[in-house]
Amino acid sequence: MPQDIRNIANIDHTDVVGLNFIKSDGKYVFRRHFRQGLRSHILEILDPADVEVERYGTMFDGVLHFPRAQPKIMLRIFRTRLSCLDEALAEVQRVKIAEHFLTPEFVAQSTEIIVEYHGPETSAPLLCGIQEYVVGVILDPWSVLDSATLLSVLYDSLAAQISQFSISRDRWFTAVREYGSLFIEQTRKMILQGRHIPDLAGFGNILITPSGRIKLVDINNISEIFLDDTIRLDDRNYPVCDKSVEALALIEEKLLDRTIEFSDPIYGIFLNPERKRKLQRFVF
């Protein structure tokens, strides 16, 4: 009996084209992306012609090159079992909250699709997303690097792509800080007005693009947040709201070189020493 797609650790092209809602006409190649979400399968959608060039190479100035095929777009397949349409719509609504507050400037744009998945045992709603492919490097909030060193490392990692924008290192640093400030401002509005927060704590959930923008790419873990003293755990027994607020503070410290104020209505609740002491028993 075939396995349920939601239970498979890693899926490939054969698994995807075997799904009842995917055409297997060879128009696209599906390849597992190296960054996988805890709640979703992440797949690159590639042009078969680009995959052929990657495999067999192309001549340029007398030298054979093997350029890696770049995704046109991405496919996300939600792993969580949804028992009814209302549950799927609730997940979509959380994505829409993130898109509303962060705007397309700071979140990878996605079209959410609810399909009927014909599994090995029964049929059920399944949430998928067709998401833009974002070129960039990971912004790790937990990096031990200070602000200047972190920005230098990010710049050097993106130097080849940044060159097309013809901006200097110092100007790029300024752009990152300006966009970073806006990202933090919009995320704070999402917390204070929308009462939700994206997962900022997971490694690879946030990218820095060659233009200096911050992009949230993991949009399948948007949590309701409560501004009170209770530590709440997600469905994986992880305090995602607390850790995401901590990650937001670290981004503000490391990217913008700011000092966190504990009189702040968000940081004062989530980052006070007593709460962080209690939090230790939930984080391993």
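A. Local environment of the packing of helix H5 (residues 169-192) against helix H6 (residues 240-256). In contact at an axis separation of 10 Å, H5 and H6 are set at 160° when each is read in the N-to-C sense. Considered as vectors, H5 and H6 are oriented roughly antiparallel to each other. In the crossing of H5 with H6, the sense of the turn from one axis to the other is left-handed. Where H5 abuts H6, its residues Val176, Arg177, Gly180, Ser181, Ile184, Thr187, Arg188 and Ile191 lie against Leu248, Ile251, Glu252, Leu255 and Leu256. For the contact of H5 with H6, the residue count by class is seven nonpolar, three polar and three charged.

B. Summary view of the sheet that holds strand S10 (residues 206-208). With antiparallel pairing, three strands are arranged side by side in an open sheet as S8-S10-S11. On the outer flanks of this sheet lie strand S8 (137-138) and strand S11 (214-216), each paired with one strand and no other.

C. Quick look at unusual backbone geometry. The phi torsion at Thr103 lies on the positive side, around 65°, for a residue other than glycine. Overall, Thr103 belongs to the partly exposed group, its relative accessible area being 25%. Backbone geometry places Asp257, a non-glycine residue, at a positive phi of 60°. Within the element layout of this structure, Asp257 appears in the loop between H6 and helix H7 (267-270). For Asp257, a relative accessible area of 58% gives the class exposed.

Conventions adopted
- Residues numbered from 1 in each chain as written.
- Predicted model: local features only at pLDDT ≥ 70, side-chain atom pairs only at ≥ 80, totals over all residues.
- Heavy atoms only, no water.
- Axes fitted to C-alpha atoms, helices over the stretch in contact; angles between N-to-C directions.
- Helix = DSSP H or I, 4+ residues; strand = E, 2+ residues; numbered from the N terminus.
- Parallel < 35°, antiparallel > 145°, perpendicular 65-115°, else oblique.
- Left-handed = near helix turned anticlockwise from the far one by under 90°.
- Contact = heavy atoms within 4.5 Å.
- Nonpolar A, V, L, I, M, F, W, Y, C, P; charged D, E, K, R; others polar.
- Pairing = 2+ DSSP bridges.
- Buried < 20%, exposed > 50% of the residue type's maximum accessible area, 1.4 Å probe, protein only.

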